[in-house]
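# Fold and geometry: a report
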Amino acid sequence: MQMQQQLECVSLQVCVSVLGPLESVVRRCLGPEGGSVLFTRDTGETLISRHGQRVLSTLHLEHPMARMVLDCVCAHAKSTGDGTKSFILLLSALLRAIQDSAHMRRKASWSNPALQNLANRLMALSRNELDDIIIHQVTPYASSYCSHHSDKLEHSILDYLISGYISGRTGAGQAEILKHILCEFYYKSKRDQNTTETISFIHSHFNVLHTRVAGLPVGCSEVIEGLVVTRDWSVWTELRGPIKALVLYESFGSSLGDNITVCFQQDWLSRTESITKQKLAYLLELQVNVVLSSVKQPECVLQWARMNHVALLECVDSDQLDFLCNINFPETLSHPQHIVMLKYCKRLQLGGLRCAQLGIYSNAHTLVLCAPAPGLLDQTVCVSRGVFLMLQHITRTLESNQFKSSSVDQSQCTVSSQDLWRAVMQAGGVLPVGGVFEFLLHHFLLTRHTSDPESCRLLAEALLCVPRALYAHNHRRFLNIQTCFFNDLKKWDRTSVGDPVKFEFGFSEGLCLESVSGKQQLVVSVLECLHRLLCVGAVLYTRSLLRPQIYSEEDEEEEEEVHTNSI
Amino acid sequence: MSRISKKKPALCTDEPLSNSTICQKITLLRNILSTAYGPTGRLKQIHNNVGGHVLTTSTSTALLKRLEMSEPLLKLISTALQHHTTRYSDSGLFMGIFTLTLIENTKKYGLRTSTAIKVYKHLVEQCNVYLKGDSCGCKVPVEFSSCDSLVALAHSMITSKPACMLDSRETQQISSLITQAFLYSIPCNSSGTACFGRTVTIGIEGQSVNHSSVFPGLLLDVPEMLLPGDLERLGDGPFKVVLFGVSLSGDISEVGDVALEVHRGLNPERDLLQQLLKIGEQVVKDKVSLFACQKVVHPVLQHYLREHEVVVIERLGLALMEPFAKITGARAVASLFSLVPMEAYGLVAGLCFQDCGSKKLLQLLSSKHAAISTMVLCHRNETMLEELKVCAMTCQRAEHVLRLTLREPYALLGGGCTETQLATHITHMNQSTAPTTAAALGISHSEFLMAVESFRSSLLAVALSLEHDGQDCLIDLTYGHRWVMDISSQTEVKHTCGCGLLEDRSNLEKTHLNTACQTFSPVFLENNDTQPKVLDSFSAKLNALNVAVEMASLVLDVKYIIKDVN
């Protein structure tokens with residue numbers, strides 16, 4: 001194949017100008033005061049979102065550098081489910097700060113090796129110093145802050161975490177309602193199970209455990225016991241008590257594939273029917289009362305169900321059937337047929353449509369999410385899913401931390417359900433939202449004695465861009481909060497660890513929390529991404545097919561970033 | 001190697017609400033909706049410029065289904081409105097006008113969007129509390145002991161659809177028919193969970209509206225060869241019924257998409273026909289009088305059955321299967337190769353002919369008081385079948401609204417009185433508590449008052465758009481009802497307010513709507529003998545109010561539009 005290649009040099013200037021537009025989009029929808037982004041397609045679909053990752057990926061970015069940033073954002077979001085908007089803000093603030101520092105030194109621009117040197121130093125900072133600052137300075141602060149407010153936090157830390165996550169992602173009106181419904185969902189699903197297990201269970205089965213209803217206000221959302229299938233029963237009879245249900249993945253009648261020839265014999269038609277009848281009669285012997293099928297069944301199966309008081313539900317989502325089989329230890333007949341036990345079967349009205357409700361022998365509940373328009377519904381679902389990803393990240397980090405600290409005492413690893421959140425609190429795992437983490441890190445980075453004050457200063461200054469964007473509509477408020485907070489911090493610095501501190505800095509409006517570990521991960525990811533950006537020397541356009549990822553992180557050499565544009 | 005085309009970058013619009021073309025489009029849509037609102041609403045004609053069908057309507061459902069929105073924000077509102085009307089069948093225009101005026105007013109008063117959203121949310125919650133509470137002046141309980149309020153509800157539904165072209169007497173008749181059909185659909189024996197029956201609507205053109213009526217049971221098209229004599233020969237009921245859900249046409253195409261290989265000497269079609277005739281024999285032996293099939297019945301089988309004095313109804317269609325099964329108690333049979341099980345047979349109490357205008361229909365009477373009825377709607381306008389359909393649709397919706405009242409047995413005052421009262425109440429409530437509420441919401445006092453004012457004037461704007469003839473709309477300063485100043489007619493007829501609950505008195509102080517006035521708390525009217533004449537559905541309006549505020553918040557919240565052009 002003939003190669004036509006084009007070379008484009010990448011400088012700091014390019015990076016800054018690529019990130020500029022991204023930043024301006026993201027800035028619009030940051031925090032509770034921000035707005036949302038409406039996304040439309042020529043097919044007529046409309047979608048509303050405040051979700052940073054979603055907004056960025058719908059832009060169809062063209063510049064390879066921008067796409068590389070997007071890859072980093074996605075990787076970060078996948079692990080924490082949080083902080084994509086701050087990611088872009090922080091990254092572009094860092095880039096700008098680097099650019100400005102060149103101007104201050106009266107140099108026109110950074111030389112390439114100098115830039116790379118800086119990038120390496122920042123990486124080193126994130127690897128060595130950041131951990132230290134978080135463990136020895138931020139976490140103690142967080143834990144003493146939490147113990148100071150423990151009377152308020154004690155029982156509702158989860159509520160605050162959820163509302164902290166939601167407030168930046170949905171409109172002001174819906175956040176409150178959604179918070180209540182998600183908390184209810186969580187508590188009902190949990191009952192007396194392990195917290196960590198519940199969260200990961202909800203997170204991994206979220207697709208099955210929620211139902212969407214368009215056309216109703218968000219306030220109509222509810223939590224329903226068991227599993228909801230958004231289909232009406234094809235054949236319905238009132239059933240009581242434990243019920244044996246047959247799960248089918250294919251048509252029960254004669255299953256003829258495509259493109260086959262049938263040799264027509266004397267009584268072929270009647271024979272195929274009688275085979276089906278025999279199979280159905282066998283089901284009755286097994287005392288099956290409910291048939292759940294993922295496909296449409298032939299008319300004779302419907303008739304059989306009507307005659308024998310069997311309830312029949314067709315076109316069930318096969319994921320839901322899989323879920324039923326997985327949690328139920330099914331009895332398998334022949335390969336695609338299983339028998340599961342159900343607690344009860346009901347009919348249900350959801351927003352004027354009839355649905356089926358299946359009671360199962362576990363704590364699983366279904367989250368019914370309502371919204372006036374489908375585009376909005378998508379956002380609500382997306383946020384709800386994100387909440388559990390975020391919670392999972394918190395519980396996992398806590399567990400891994402505990403594992404590290406107390407590998408001898410294994411019993412401590414299995415925290416009881418109520419204590420898990422208290423443990424999170426005591427370990428200093430959470431901080432109030434609204435830029436507290438950024439203020440803290442800023443302060444500690446500046447007051448720290450390190451070998452590399454320049455990169456510390458760079459990072460510290462850039463961190464302030466996040467709270468600044470949060471209070472963009474009211475700059476005076478930002479300054480107020482900042483001074484108030486730093487006064488507090490100075491007081492805290494003076495007192496020794498362990499002494500009760502009086503925090504004057506409080507939040508009058510609804511208290512919300514966010515996890516420290518997620519924030520730390522954010523800073524690390526941004527610095528990694530920055531390192532990658534600064535190491536790129538040139539973009540090479542090629543026409544040959546590439547593997548999706550050709551850059552590797554360990555490559556400290558000048559890396560040439562290559563993307564296909566057309567094949 | 002397949003060619004992958006490069007994706008184009010998306011088009012972006014920043015701050016869509018400060019874009020003047022988008023604002024113009026919002027105003028245009030608001031104008032379209034508000035001019036169509038109410039009993040005197042102006043009709044809209046929709047047609048495309050290459051000719052073809054012309055639709056005349058003033059209902060939100062029909063209007064928005066045909067209107068292609070170019071602006072994604074408007075498309076969003078339009079879909080939300082359609083979702084609301086499919087669920088509640090009423091108050092679609094109310095929702096649309098309220099949403100759009102809220103958006104416009106927020107811009108007009110220069111409110112910050114996040115502030116406006118917070119305050120609107122707060123206010124709509126207050127509205128919910130007020131409307132659901134006991135001291136609400138704009139709510140009347142629906143008495144099921146008399147059907148006056150039910151008829152009034154249906155009446156205001158029909159009058160708000162001027163495209164039906166009914167005069168007052170006809171409107172009265174149709175609304176009482178709807179109420180009648182609704183009462184038929186309530187099952188008598190309420191053991192266990194009661195389930196609503198069905199009302200099947202048949203439209204007949206070319207007849208005057210006065211011929212419309214409601215029949216108990218199910219009305220079907222008479223099979224061609226059935227004569228009145230045949231029914232007489234059957235004698236008195238009850239009759240045994242069998243219902244088939246599969247095709248009895250004798251084709252073997254039912255097998256599926258497979259190639260058939262037939263041996264010499266075999267004739268599958270003849271075998272199948274033999275089988276069909278066997279069914280016929282069994283049915284005759286079991287003394288069945290009515291043989292119904294969802295699909296086609298083979299002519300030979302039909303002939304055989306008719307010879308044995310069995311009434312055959314074919315091509316029933318899927319829509320009628322459920323009411324048919326309900327009314328007869330028959331279970332649809334699907335197998336051709338086994339005997340029809342005894343429990344699959346059903347019964348009808350009687351069969352008779354009904355003349356409905358130009359059409360002859362066969363009436364099936366239920367033997368078990370199944371709550372099935374048929375409403376026959378006639379309309380004089382021969383040429384426009386479409387209008388009839390709109391009419392039929394309207395009637396179904398009116399019935400749906402009546403059903404909603406069973407869940408929440410209240411109705412709201414119509415004629416704009418609910419809006420004016422609600423606006424008055426909300427303003428009054430928030431006048432005194434403004435500083436504390438504003439502090440709780442984290443906004444300034446003046447911002448809060450502005451947002452309340454924006455909400456109030458949006459509510460009043462809905463009440464104002466009921467009037468299209470250039471007459472003045474007034475609000476009284478005691479009860480907070482809406483009045484129309486009638487300059488032309490100085491007749492002796494007692495002047496009443498919009499909903500007809502209040503009569504005019506000389507000492508009742510009134511002022512123009514949408515002018516600033518002293519806030520007051522609307523006086524709660526107790527022990528009033530007069531019944532309001534215009535009523536609105538409670539649940540539909542409540543949902544519309546909530547959805548409208550939610551949609552307005554959503555649109556105000558949009559700061560950026562990304563348009564994918566791939």
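Note that the structure is predicted; figures quoted are calculated from it, not measured.

## Here's the deal with the overall build of chain B
Scanning chain B for helices and strands turns up 15 helices and 20 strands. Residue burial in chain B is summarised as follows: out of 566 residues, 45% are buried. Taking the intrachain contacts of chain B between residues at least 6 apart in sequence as the baseline, contacts between residues at least 24 apart amount to 76%.

## So, the overall build of chain A
Within chain A one finds 19 helices and 19 strands. Across the 567 residues of chain A, 43% fall into the buried class. Considering only intrachain contacts with a sequence separation of at least 6, the fraction spanning at least 24 residues in chain A is 75%.

## So, the sheet that holds strand 6 (residues 213-216) of chain B
All names here are of chain B. Within the open sheet, the three strands sit side by side as 5-14-6. Their pairing is mixed. Where the open sheet ends on each side, the last strands, each with one partner, are strand 5 (198-205) and strand 6. Each strand of the sheet is rotated relative to its neighbour by a mean of 20 degrees, with strand direction disregarded. Where strand 5 meets strand 14 (residues 372-379), eight bridges bridge the pair, whose relative direction is parallel. Bridge pairing links Gly 203 to Leu 377 in strand 14. Where helix 7 (residues 168-184) meets the sheet, it contacts strand 5, strand 6 and strand 14, and its direction lies at approximately 15 degrees from that of strand 6.

## Overview of the environment of Lys 359 of chain B
Residues and elements named next belong to chain B. Its place among the elements puts Lys 359 in strand 13 (residues 359-366). Judged by local crowding, Lys 359 falls into the partly exposed class, with 16 C-beta atoms found within 10 Å. Note: C-alpha distance between Lys 359 and Val 222 (137 residues apart in sequence) is 9.1 Å.

## Considerations on helix 14 (residues 445-464) of chain B
When the terminal C-alpha atoms of helix 14 of chain B are compared, their 28 Å separation across 20 residues agrees well with the 28 Å that a helix rising 1.5 Å per residue should span. Among the 20 residues in helix 14 of chain B, 15 count as buried, and that is most of the element.

## Looking at the pairing of strand 12 (residues 346-356) of chain B
All names here are of chain B. Taken together, the three bridges between strand 8 (residues 239-244) and strand 12 define a ladder with antiparallel strand orientation. Counted as the bridge partner of Phe 239 is Val 348 from strand 12. Examined bridge by bridge, strand 12 and strand 13 share eight bridges and lie antiparallel to one another. Residue pairing across strands places Asp 355 opposite Lys 360, the latter belonging to strand 13. Joining the antiparallel neighbours strand 12 and strand 13 is a turn of two residues, in which Gly 357 adopts a positive phi near 60 degrees.

## A few points about the packing of helix 3 (residues 64-80) of chain A against helix 4 (residues 84-104) of chain A
Residue and element names in this part refer to chain A. Where helix 3 meets helix 4, the closest approach of the two axes is 10 Å, and the angle between their N-to-C directions is 140 degrees. Viewed along their axes, helix 3 and helix 4 adopt a mutual orientation that is oblique. Handedness of the helix 3/helix 4 crossing: right-handed. Contact residues: helix 3 offers Val 69, Val 73, His 76 and Ala 77, while helix 4 offers Thr 84, Phe 87 and Leu 91.

## Observations concerning the sheet that holds strand 9 (residues 290-293) of chain A
Residues and elements named next belong to chain A. Spatially, five strands are ordered 10-9-7-12-11 in an open sheet, and the strand pairing comes out mixed. Of all strands in the sheet, those bounded by a partner on one side alone are strand 10 (311-313) and strand 11 (331-332). Helix 12 (residues 318-328) contacts strand 7 (243-248), strand 9 and strand 12 (338-342) of the sheet and is inclined by roughly 75 degrees relative to strand 12.

## Focus: the environment of His 445 of chain B
Residues and elements named next belong to chain B. One can find His 445 in helix 14. Owing to 13 C-beta atoms within 10 Å, His 445 belongs among the partly exposed residues under this scheme. Sequence-wise, His 445 and Pro 435 are 10 residues apart; in three dimensions their C-alpha atoms are separated by 5.6 Å.

## Looking at unusual backbone geometry
Phi angles above zero are rare outside glycine, and His 309 of chain A is one such case at about 55 degrees. Here His 309 of chain A is to be found in the loop between helix 11 (299-307) and strand 10. On the neighbour-count criterion, His 309 of chain A (11 C-beta atoms within 10 Å) is exposed. Positioned with a positive phi, Ser 91 of chain B is a non-glycine residue whose angle comes to about 65 degrees. Following the sequence through the fold, Ser 91 of chain B ends up in the loop between helix 3 (72-88) and helix 4 (92-108). Assessed through the 27 C-beta atoms surrounding it within 10 Å, Ser 91 of chain B is described here as buried.

## Brief notes about the confidence of the model for chain B
Residues and elements named next belong to chain B. For chain B, mean pLDDT is 81; residues scoring 70 or higher make up 90% of the total. Taken element by element, chain B is modelled with least confidence in helix 12 (residues 385-407), mean pLDDT 67, and with most confidence in helix 4, mean pLDDT 93. Across the assembled chains, the prediction reports ipTM 0.77 with pTM 0.83.

## Here's the deal with the packing of helix 13 (residues 417-441) of chain B against helix 14 of chain B
Residues and elements named next belong to chain B. The geometry of helix 13 relative to helix 14 is characterised by a closest axis approach of 9 Å and an angle of 165 degrees between their N-to-C directions. Taken together, helix 13 and helix 14 sit at an angle that is classed as roughly antiparallel. Both helix 13 and helix 14 take part in a crossing whose hand is right-handed. Only His 445, Phe 448, Leu 449, Val 452, Phe 455, Arg 456, Leu 459, Leu 460, Val 462 and Ala 463 of helix 14 make contact with helix 13, whose side of the interface consists of Glu 419, Thr 420, Leu 422, Ala 423, Ile 426, Thr 427, Asn 430, Ala 434, Pro 435, Thr 437, Ala 438 and Leu 441.

## Quick word on the environment of Ile 174 of chain B
For Ile 174 of chain B, the position within the fold is in helix 7. In the structure, Ile 174 of chain B is positioned 191 residues away from Leu 365 of chain B in sequence and 23 Å away in space, judged by C-alpha atoms.

## Some remarks on the confidence of the model for chain A
All names here are of chain A. This prediction gives chain A a mean pLDDT of 78; 82% of its residues lie at or above 70. Every residue in residues 407-415 scores below 50 in pLDDT, and together they form seven contacts with partners more than four places removed in sequence or on other chains. Confidence drops under pLDDT 50 across residues 549-567; counting only partners more than four residues distant or on other chains, this segment forms 31 contacts.

## Description of helix 12 of chain A
Residues and elements named next belong to chain A. Looking only at helix 12, the buried set comprises Gln 320, Leu 321 and Leu 324. Relative to the axis of helix 12, the buried residues are bounded by an arc of 105 degrees and lie together on one face. Across helix 12 from its buried face, at more than 90 degrees, point the exposed residues Asp 319 and Asn 326. Where helix 12 is buried, its residues touch strand 6 (227-229), strand 7, strand 9 and strand 12. One or two residues past the end of helix 12 sits Phe 329, with phi positive at roughly 45 degrees.

So, how was this worked out
- Residues numbered from 1 in each chain as written.
- Chains lettered and ligands numbered in written order.
- Predicted model: local features only at pLDDT ≥ 70, side-chain atom pairs only at ≥ 80, totals over all residues.
- Helix = DSSP H or I, 4+ residues; strand = E, 2+ residues; numbered from the N terminus.
- Buried ≥ 20, exposed ≤ 12 C-beta atoms within 10 Å, placed from the backbone.
- Contact = placed C-beta atoms within 7 Å.
- Pairing = 2+ DSSP bridges.
- Axes fitted to C-alpha atoms, helices over the stretch in contact; angles between N-to-C directions.
- Expected span 1.5 Å × (residues − 1).
- Parallel < 35°, antiparallel > 145°, perpendicular 65-115°, else oblique.
- Left-handed = near helix turned anticlockwise from the far one by under 90°.
- pLDDT = per-residue confidence, 0-100.
- Arc of directions from axis to C-beta.

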